[in-house]
Amino acid sequence: MTTQPPALLIAGHGTRDEAGAEAFRDFVKELGRRHPELPVAGGFIELSPPPLGEAVTDLVERGVRRFAAVPLMLVSAGHAKGDIPAALAREKERHPGVTYTYGRPLGPHPALLRVLERRLDETLAGTPREDVTVLLVGRGSTDPDANAEVCKAARLLWEGRGYAGVETAFVSLAAPDVPSGLDRVARLGARRVVVLPYFLFTGILPDRVRRQTEEWAAAHPEVEVRSADVIGPEPELLDLVMERYAEAVAGDLRMNCDSCVYRIALPGFEDKVGLPQQPHFHPDDDGHGGHGHGHHHHHGGHAHSHAH
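None of the values given here were measured: they were computed from a predicted structure.

Sorry, what's going on with the pairing of strand 5 (residues 133-138) here?
When a strand is regular, its side chains alternate between the sheet's two faces. Burial analysis of strand 5 places six of its six residues in the buried class, the great majority of the element. Of the two faces of strand 5, the one carrying T133, L135 and V137 and the one carrying V134, L136 and G138 are both buried. Across six bridges, the pairing between strand 5 and strand 6 (residues 165-170) is parallel. Paired with T133 across the strands is G165, a residue of strand 6. Following the backbone out of strand 5, through helix 5 (residues 144-158) and into the adjacent parallel strand 6, one traces a crossover that is right-handed.

What follows is the structure, given as structure tokens:
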């Protein structure tokens, strides 16, 4: 008898928006359909049913003893760092004998950047990219690291794709908000802007982004502003959840290799994939004669070993 692979538990934020909650539940069902070999369940931290605890109980009643939890979230903010681990610890106490591992958030993975690029292409409908400034709008958090992840996604989206620029804004809890973000790109000289929501599914916050974008555009007729769609339940997203599941099961929780040019073919940097990493020297080092091949590796940390 083969041992059953660990079940997959999907953890969502929760939303007051019924369509958003339904999109999450449909996504979980689709994962289950695609992976009949795995018990799959999903639940929310707050605001909408089913709660995460109910999803765990559902798995346990199906005979599950081990599961891997993947946060269906683009960035690791308070939910992914605190609420989900706390909820899982509680479930472990409620269901003695159950063990779990916890995966990492989804972004900014190259597969998601591809979907974002597709959303922009749909919206641009042939407008040259070099004429377009993108405003990537994240959820916003009181956690600076979470907000920084949105900026990182924006930078990765900009690299090698030929847009005039990619700037960031946030719907709540962090500056700049959407109108301020649009003011900012206009001051930078943008005449064509696409507002790109950095959200997985439809919901109250992406709706607010669109509404605020339309209000700003109405007040600034000199700037052409378009709204792109959310990421949505794309094949890339389904595959990425399984990649995070596999990492969690293997205990392979790596550093940020998703966006490392030595591992992933990022646009314009494809030639770097798999290059052996050499220590490199900076022009402003106090060059100890030639390239200092002695014991002068005062920048010793520069040998990027990407074998991890």
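Honestly, the confidence of the model for the chain in this entry has me stumped. Any pointers?
Averaged over all residues, the pLDDT of the chain equals 87, while 83% of them reach at least 70. Low pLDDT, under 50, characterises residues 285-308; the predicted model gives this stretch 24 contacts beyond four residues in sequence or across chains.

In this structure, what is going on with the pattern of salt bridges? I would like to understand it.
Any two side chains of opposite charge can pair, so long as their charged atoms come close to each other. Under the criterion given, the structure shown has 23 salt bridges. Across the salt bridge formed by R94 and E91, the nearest N and O atoms sit 3.0 Å from each other. Here E91 and R94 lie together in helix 3 (residues 78-94), a separation of three residues that amounts to about one turn. Given a relative accessible area of 4%, E91 falls into the buried group. For E247, the salt bridge is made with R244, and the minimal N-O distance between the two is 3.1 Å. Residue E247 and its partner R244 are both found in helix 8 (residues 235-250); the two are separated by three residues, about one turn of the helix. In this structure, E247 and R244 share a single accessibility class: buried. When salt bridges with common partners are traced through the structure, they connect R118, R119, E122, E234 and E236 into a single cluster.

Criteria and thresholds
Residues numbered from 1 in each chain as written. Predicted model: local features only at pLDDT ≥ 70, side-chain atom pairs only at ≥ 80, totals over all residues. Heavy atoms only, no water. Buried < 20%, exposed > 50% of the residue type's maximum accessible area, 1.4 Å probe, protein only. Helix = DSSP H or I, 4+ residues; strand = E, 2+ residues; numbered from the N terminus. Pairing = 2+ DSSP bridges. Right-handed = clockwise from strand over helix to strand, strands pointing away. pLDDT = per-residue confidence, 0-100. Contact = heavy atoms within 4.5 Å. Salt bridge = Lys/Arg side-chain N within 4 Å of Asp/Glu carboxyl O.

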